[in-house]
Amino acid sequence: MQDRESYNAKMPTACFLLFFAHGLVFSSWASRIPVIKNALSINEAELGTLLLLMPIGQLSTMVLAGKLISKYGSSKIIQNCFLIYPVFLLLIGLSPSYWVLAGVLFFFGVSGNLCNIAMNTQAIEIESVTKKTLLSSYHGAWCFAGLSGAVIGMLMISMNVGTFYHFVFTFVLVGGLWLYSRNHLTNIIHKVEPQRQSIFKSVNPTLVGLGIIGFLSMAIEGAMFDWSGVYFQTIVKAPEKLVIMGYTSFILMMTLGRFIGNRVIEKYGKRMVLQTCGILMSGGLFLSVFFPELWICTIAFMIIGLGGSLSVPSVYSAVGQVSTVAPSIALSFVSSISFLGFLMGPPLIGYIAEAFDLRYSYGLFACFGILLTIISGRMKIFKSKS
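Presented here is an overview of the structure given in this document.

Scoring rules and cut-offs
- Residues numbered from 1 in each chain as written.
- Predicted model: local features only at pLDDT ≥ 70, side-chain atom pairs only at ≥ 80, totals over all residues.
- Heavy atoms only, no water.
- Helix = DSSP H or I, 4+ residues; strand = E, 2+ residues; numbered from the N terminus.
- Rg over C-alpha atoms; globule rule 2.2 N^0.38 Å.
- Buried < 20%, exposed > 50% of the residue type's maximum accessible area, 1.4 Å probe, protein only.
- Expected span 1.5 Å × (residues − 1).
- Contact = heavy atoms within 4.5 Å.
- Phe/Tyr/Trp six-rings, centres within 6.5 Å; stacked < 30°, edge-to-face > 60°.
- 1 Å grid on protein atoms, 1.4 Å probe; cavity = no way out; pocket = protein on both sides within 12 Å on 5 of 7 lines; lining within 4 Å.
- Points joined across faces, edges and corners; volume = space filled by probe spheres on them.
- Nonpolar A, V, L, I, M, F, W, Y, C, P; charged D, E, K, R; others polar.
- Patch = residues over 30% accessible without salt bridge, like charges linked within 9 Å, V, L, I, M, F, W, Y side chains within 5 Å.
- Areas by Shrake-Rupley, 256 points an atom, 1.4 Å probe, with all protein chains shown as cover.
- Salt bridge = Lys/Arg side-chain N within 4 Å of Asp/Glu carboxyl O.
- Axes fitted to C-alpha atoms, helices over the stretch in contact; angles between N-to-C directions.
- Parallel < 35°, antiparallel > 145°, perpendicular 65-115°, else oblique.
- Left-handed = near helix turned anticlockwise from the far one by under 90°.
- Core = buried A, V, L, I, M, F, W, Y, C linked by side-chain atoms within 4.5 Å.

Before going further, it helps to spend a moment on the overall build of the protein chain. Broken down by element type, the protein chain carries 17 helices and 2 strands. Over its C-alpha atoms the protein chain spans a radius of gyration of 19 Å, differing by no more than 12% from the 21 Å that the globule rule assigns to 386 residues. The principal-axis extent of the C-alpha atoms belonging to the protein chain is close to 55 × 40 × 35 Å. Every one of the 386 residues in the protein chain was classed for burial, and the buried ones make up 60%.

So this is what it looks like as structure tokens:
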């Protein structure tokens, strides 16, 4: 059962802008990772440990987020908690040492995950109200923010703007988007029986499978966001001004793929789309491992971006087909597990890179794409074209 407030035509745009704002915060951090790494003299293993603190923070809010959204509605969480995320971005820019940065990144992960689950729940609720397929385009907005963040980061670095002042610019922009969006959201509260309030009591095999697929896809996506610049810097040996080309090429294709994703999914079905995504991500990663040249890796990263563009929207959309679980609870579970891959992938890359080589890390993650293809083909929820 649902309690509904009034709706207006600005809801889809408001949610689109929130996804953009969230993506801009994360991409601003990602674009500065090589700079922060050098400024604090952090090696690959230490960077991996830092990035591990974000999924730890994410896990700490997995149950809480589901309960809060079920009780108060996604709009209330967005209205009251969204700006906490860019506040921690500012604190990253002020961190004077490795240990301070470690603490800040933990809470950066906490706040980012809470906002992520609330936004995706809001997106599904708006789809149910408007009767339109919108989720892929919302994820496209997140990716477009990633592309915008890369361009802004490149400009800021080229103009010798400090990391903190770069993040202040991001905070002001995100604050403006939030001020507009917060008044144009739906407020649907899913009332479920007390025994179904817990995420863990709501788990079923289908949700576990969807979570695993999301985890594998977003682990690759997270590796590309956090390590593409370092890969071009240390493996490809790209000139300093072209180090960001890998990240930019990846996010460009991911953005384009998501904006056309609704039509592709409707035409070919989620199963075919997910299997193709896994093959593309795996192939692009293997290409970058075996041919670490500037232009080959640029093309490889574009292939990875195209492959990653539709996997997560397909998974999140399928959550709505699991009728035995309240949407907010199901999405909390699947999106938390998926985003865990996004946050745990980068530190795993760092540990492997420190022990062996960054190319070994990318080779391992290429196998994730193969595994994703296999699992997608075996899940009953994807047997039909719908």
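And the narrative resumes.
Another aspect to go through is helix H11 (residues 245-259). Its 15 residues place the ends of H11 21 Å apart at the C-alpha level, agreeing with the 21 Å of an ideal helix rising 1.5 Å per residue. Buried within H11 we find Met245, Gly246, Tyr247, Ser249, Phe250, Ile251, Met253, Met254, Thr255, Gly257 and Arg258. Against the buried residues of H11 lie helix H1 (11-31), helix H8 (135-158), helix H10 (205-234), helix H12 (261-268), helix H14 (294-308) and helix H15 (311-319).

According to the stated counting rule, one finds 16 aromatic pairs in the structure shown. Centre to centre, the rings of Phe20 and Phe144 are 5.8 Å apart; their planes meet at 40 degrees, and the pair counts as tilted. Within this pair, whereas Phe20 is found in helix H1, its partner Phe144 is found in helix H8, the two being separated by 124 residues in sequence. Judged by its relative accessible area of 14%, Phe20 falls in the buried class. A connected cluster of aromatic rings, assembled from ring pairs, spans Tyr231, Phe232, Phe301 and Tyr362.

Counting across every chain of the model gives 1 cavity of 30 Å³ or more. Size it by volume and the largest cavity reaches roughly 130 Å³. Surrounding the largest cavity, 14 residues form its lining, Asn116, His139, Trp142, Met218 and Glu221 being those nearest its centre. Listing elements by their share of the lining of the largest cavity, those giving two or more residues are H1, helix H7 (98-130), H8, H10, H15 and helix H16 (327-355). The leading source of residues in the lining of the largest cavity is H7, at 3 residues. Taken together, the residues of the lining of the largest cavity sort by class into 8 nonpolar, 4 polar and 2 charged.

Another point: the environment of Gly176. Residue position: Gly176 is located in helix H9 (residues 163-181). By relative accessible area, Gly176 is classed as partly exposed at 38%.

Another aspect to go through is a nonpolar patch on the surface. Side chains of Val151, Met154, Leu155 and Met159 sit close together on the surface and give an oily, nonpolar patch of about 350 Å² of accessible area. Within the element layout of this structure, Leu155 appears in helix H8. The exposure class of Leu155 is partly exposed, given its relative accessible area of 46%.

Attention now moves to the packing of helix H6 (residues 84-94) against H7. In the contact formed by H6 and H7, the axes pass within 8 Å of each other and the chain directions differ by 160 degrees. Judged by the angle between their axes, H6 and H7 are roughly antiparallel. Crossing of H6 over H7 shows left-handed handedness. Here Ile84, Tyr85, Phe88, Leu89, Leu91 and Ile92 of H6 lie close against H7, whose contacting residues are Leu101, Val104, Leu105, Phe107, Phe108, Ser111, Gly112 and Cys115. Residue classes in the contact of H6 with H7 are distributed as 12 nonpolar, 2 polar and no charged.

With that out of the way, let us pick up the nonpolar core. Phe26, Trp29, Phe108 and Leu210 are the most contacted members of the largest nonpolar core, which totals 120 residues. The contact partners of Phe26, leaving out residues within four places of it in the chain, are Met54, Tyr85, Phe108, Trp142, Phe225, Asp226 and Phe342.

For the structure shown, the criterion picks out 2 salt bridges. We note a salt bridge from Glu221 to Arg258, for which the minimum N-O separation is 3.6 Å. A residue pair is termed long-range when its members are at least 10 positions apart, and Glu221 in helix H10 and Arg258 in helix H11 qualify at 37 residues. Arg359 serves as the salt-bridge partner of Asp357, at 3.5 Å between the closest nitrogen and oxygen. Note on Asp357: relative accessible area 23%, which makes it partly exposed.

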